[in-house]
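# An overview of the molecular structure
Each chain, written out:
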Amino acid sequence: MQKVQINTEFITLGQLLKIEDVVSSGGSAKFFLKENANSFFVNGESENRRGRKLYPGDLVKILKIGEYEIVSQ
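Parameters at a glance
Residues numbered from 1 in each chain as written. Predicted model: local features only at pLDDT ≥ 70, side-chain atom pairs only at ≥ 80, totals over all residues. Heavy atoms only, no water. Helix = DSSP H or I, 4+ residues; strand = E, 2+ residues; numbered from the N terminus. Buried < 20%, exposed > 50% of the residue type's maximum accessible area, 1.4 Å probe, protein only. pLDDT = per-residue confidence, 0-100.

A few words on unusual backbone geometry. For aspartate 21, which is not glycine, the phi torsion reads 60 degrees and is therefore positive. Mapped onto the elements, aspartate 21 comes out in the loop between α1 (13-19) and α2 (26-35). Residue aspartate 21 is classed as exposed on the basis of its relative accessible area, which comes to 67%. The phi dihedral of asparagine 38 is positive, around 70 degrees, even though this residue is not glycine. Examined against the element boundaries, asparagine 38 turns out to sit in the loop between α2 and β3 (40-42).

Have a look at this one:
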């Protein structure tokens, strides 16, 4: 599991995808989430909104890509 450090209160799922180089832009994130529906889980629950807020302690799983834990700096 990779740790993603943030220095703000939260980041969005779309920002996580960009930070981890899964996609290159916000528009790409929207398309990627739509095309890979049911592949994203936040704290064990299915998620497909790129605007989903992720806070320190949240666990994100992207099937066939990886698992991430949001941590504060």
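The pLDDT averaged across the protein chain works out to 92; a share of 100% of its residues lies at or above 70. Put simply, α2 is where the protein chain has its lowest mean pLDDT, 87, and strand β5 (residues 53-54) is where it has its highest, 97.

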